[in-house]
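# Chain and residue survey
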Amino acid sequence: QQQQQQQVQSGRKKRLDDFSRFIINNKNNRSSSFFVATRRTKTTTTVDTRETKKFEQDAELWWRERDGPFGPLHSMNPVRCSFIKDECAEHFSKTRRRTPTTVVDNRPLSGFRILDVGCGGGLLSESLSRLGADVVGLDAGKANVEAAKRRQKESQLDDDDDSGGNNGKVKYICDTAEDLGEKEPNSFDVVCALEVIEHVTDPRVFANALRKLVKDDGLVFVSTISKSMRGVLGAIVFAERVAKMVPAGTHDANKFLHPSELAIVLERAGLRTNTMAGMEYNLMTKQWKLTGDLGINYIASATVGTFDEKLPLAQEDVHDKRYQ
């Protein structure tokens, strides 16, 4: 099993390809639609009320795993958690706060305070808690937070006032990342924003909020959909219109981010991208797996730091004419 894990880690490294030169050449391309659309603004929140209402309408359905609108997130959750767990193990083993001897096998995230931005009904928050983390689930939708709290009560997960049991604590709050960053700056070991950044009004302001929330030696995780032809076909045409895996109108292709764009957004917020991996869905098994293909769904980890010219990113869509 240990050999298998080493092979997986080795495979992850292999599926990354350095095209930092591509990013450097495009960093100052102010004429692209991406940079024009995401200029700095005076906005204090990136919450898109239209997006929030869409998810609140289905708040009662968050935990219908098989036939609900959030079914794909349920099936995606194991690979997201696996990526987070592995990246945390690698990163924090290099810091004085975390060594392999302090890790409990069935609670690899014990001792970590993790923020789940855009937690919805608590899918990721609950899973991270079961891995031992003390989790704060944050969502701007009141109906979503209420749904998460109901689920918490039904599943008897520990809340912020009870540290009993084998799980970490979970606390759900209704607020925005920007406001929480003002109240609790540099407070979290890990900040997760999974399947969220493609629903905000300004990814740059949002990334700044993530940076403000994480500790200086912490980790930030972001997952989203690639701004590519395959991303549009997979996430909108197929998932929404053909297979009807998610409700029509869930995604806006204009808000998708190519991996290189996400790396730049994070860099300008003071976050250095460490690893990127694709998430691929198997129609036959209805399960997800991590791959080297960043053409549709992908996830990234980042640390506090400046842009590295040797930044490893995937080669997927590098030759797409829209990004050259």
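Summary of the structure given here.

The rules behind the values
- Residues numbered from 1 in each chain as written.
- Predicted model: local features only at pLDDT ≥ 70, side-chain atom pairs only at ≥ 80, totals over all residues.
- Heavy atoms only, no water.
- Pairing = 2+ DSSP bridges.
- Helix = DSSP H or I, 4+ residues; strand = E, 2+ residues; numbered from the N terminus.
- Axes fitted to C-alpha atoms, helices over the stretch in contact; angles between N-to-C directions.
- Contact = heavy atoms within 4.5 Å.
- Expected span 1.5 Å × (residues − 1).
- Bend = angle between axes of the 7 residues up to and from the residue.
- Buried < 20%, exposed > 50% of the residue type's maximum accessible area, 1.4 Å probe, protein only.

## Quick word on the sheet that holds strand β8 (residues 297–304)
Judged by pairing direction, the sheet is mixed, and its 8 strands sit side by side in the order β3-β2-β1-β4-β5-β8-β6-β7 without closing on themselves. Pairing within the sheet leaves two strands with one partner each, and these edge strands are β3 (170–174) and β7 (287–291). Neighbour-to-neighbour, the strand axes of the sheet open up by a mean angle of 20°, direction not taken into account. Strand direction decides the pairing type here: strand β4 (residues 188–194) and strand β5 (residues 214–225), joined by 6 bridges, are parallel. Bridge pairing links V191 to V220 in β5. Packing against the sheet, helix α9 (residues 203–213) makes contact with β1 (113–117), β4, β5, β6 (271–282) and β8, and its axis sits at approximately 145° to β5.

## Comments concerning helix α5 (residues 71–92)
Counted at 1.5 Å a residue, the expected span for α5 with its 22 residues is 32 Å, and the 32 Å between its end C-alpha atoms agrees. Its axis deflected by about 40° at N77, α5 carries its strongest bend there, up to four residues before the proline P78.

## Details of unusual backbone geometry
One non-glycine residue, E195, adopts positive backbone phi at about 55°. With respect to the secondary-structure elements, E195 resides in the loop between β4 and α9. Although it is not a glycine, K244 adopts a positive phi angle of roughly 55°. Tracing the sequence through the fold places K244 in the loop between α10 (229–242) and α11 (259–268). Owing to a relative accessible area of 61%, K244 belongs among the exposed residues under this scheme.

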